[in-house]
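# Remarks on the overall topology
Below are the chains, spelled out letter by letter.
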Amino acid sequence: MRPLTEEQIRSSFVNATEQQLAHLSMPGLHETIWEEREYLGWRSPHSAHLGYIVQWLGGEPVGIVVRSSTATLRPGIAAMCTLCHSTQPATQVRLFTAPRAGEKGRAGDSLGTYICESLSCSHSIRIVPPYMASQSRIQERGEAMLERLGAFTRRVMA
Ligand SMILES: [Zn+2]
C-alpha cells in the first residue's frame, strides 16, 4: 500500500468518537513495511477491545474504528476471516463491529464481521504453504481482500 503519515491516519477516521481520536495510539509507522501491507490494521494498546483499520479507498485514506466482541469462537474449530479468507484456529479470528458513520452510529447502529484477531490480514496471506506463496497468488489475494474491505467500509460510511 502507499505509505500513510500520522496526520493522514489521524484525519482518516469516519466513525470515531472525539474521545477515541484523542486517545488514538499510532502503530509503529517507521517499522511498517508498506510494500507488504494491503491495509494498516492495529489493536489499541490501551483498550483491549478497540482496533483500527486504515486503507486507501478511492485515492483517499479512510479509517474505521472497530470493536472486538468479548465472545470467542469455540476453540478447536477452524474459522475464516471474512477479509483475507485465511482459515485459522477459531481463537485467532474474532467478531469485530464497526459503528456506522454519523447519526446512525451515534444511534447505536453498527456492522459486524469476522476478521483476523490481530487485524493483520496482510501477514496472514503471506505466511502460507509454499504452493500458495507465489507473488502473483499473494497479489491476487491482497486485491480481493482490499475489495472486500472496501465494500465493508463503504457500508460503514453509507
Ligand atoms: Zn484476515
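We now turn to the structure provided with this report. (Residues numbered from 1 in each chain as written. Predicted model: local features only at pLDDT ≥ 70, side-chain atom pairs only at ≥ 80, totals over all residues.)

The subject of this paragraph is the overall build of the protein chain. Within the protein chain, the regular secondary structure consists of five helices and seven strands. For the protein chain, the α and β elements follow one another from N to C terminus as α-α-β-β-β-β-β-β-α-β-α-α. Taken over C-alpha atoms, the radius of gyration comes to 15 Å for the protein chain, in line with the 15 Å a tight globule of 158 residues would show. Its C-alpha atoms give the protein chain principal-axis dimensions of roughly 45 × 35 × 30 Å. The buried share of the protein chain, taken over its 158 residues, is 30%. (Helix = DSSP H or I, 4+ residues; strand = E, 2+ residues; numbered from the N terminus. Rg over C-alpha atoms; globule rule 2.2 N^0.38 Å. Buried ≥ 20, exposed ≤ 12 C-beta atoms within 10 Å, placed from the backbone.)

Assignment of secondary structure puts L149 in helix α5 (residues 135-157). Under the C-beta neighbour-count criterion, L149 is labelled buried, with 24 such atoms within 10 Å. Along the sequence, L149 and I53 sit 96 residues apart, while their C-alpha atoms lie 9.4 Å from each other.

Across the sheet, five strands lie side by side as β1-β2-β3-β6-β7; this open sheet has antiparallel pairing. Two strands in the sheet have a free side with no partner beyond their single neighbour: β1 (40-43) and β7 (110-116). Geometrically, the sheet is characterised by an average inter-axis angle of 30 degrees between neighbouring strands, direction not taken into account. Where strand β3 (residues 60-68) lies against strand β6 (residues 93-99), two bridges are found, and the strand directions are antiparallel. Within β6, the residue paired with S68 across the bridge is F96. Contacts from α5 reach β2 (50-57), β3, β6 and β7, with the element oriented near 110 degrees to β2. (Pairing = 2+ DSSP bridges. Axes fitted to C-alpha atoms, helices over the stretch in contact; angles between N-to-C directions. Contact = placed C-beta atoms within 7 Å.)

Moving on: the environment of W34. Within the secondary structure layout, W34 lies in the loop between α2 (18-22) and β1. Taking the C-beta count within 10 Å as the criterion, W34 has 12 such neighbours and is therefore assigned exposed. Separated by 33 residues in the primary sequence, W34 and M1 place their C-alpha atoms 5.5 Å from one another. If we skip the residues at most four places from it in the chain, W34 touches M1 and P3.

Let us now look at α5. Over its 23 residues, α5 extends 32 Å from the first C-alpha to the last, a length consistent with the 33 Å expected when each residue adds 1.5 Å. For α5, the complete set of buried residues consists of R141, G142, M145, L146, L149, F152, T153 and V156. If you follow the buried residues of α5, they end up packed against β2, β3, β6, β7 and α4 (121-124). (Expected span 1.5 Å × (residues − 1).)

This next bit is on the pairing of β3. As paired strands, β2 and β3 are joined by eight bridges and run antiparallel to one another. Counted as the bridge partner of L50 is R67 from β3. If you look at the hairpin formed by β2 and β3, you'll find two residues sitting between the two strands, and G58 has a positive phi there, around 60 degrees.

On to unusual backbone geometry, then. A positive phi angle, near 60 degrees, is found at H85, a position not held by glycine. Structurally, H85 can be placed in the loop between β4 (78-80) and β5 (87-89). A positive phi angle, close to 55 degrees, is found at L119, a residue other than glycine.

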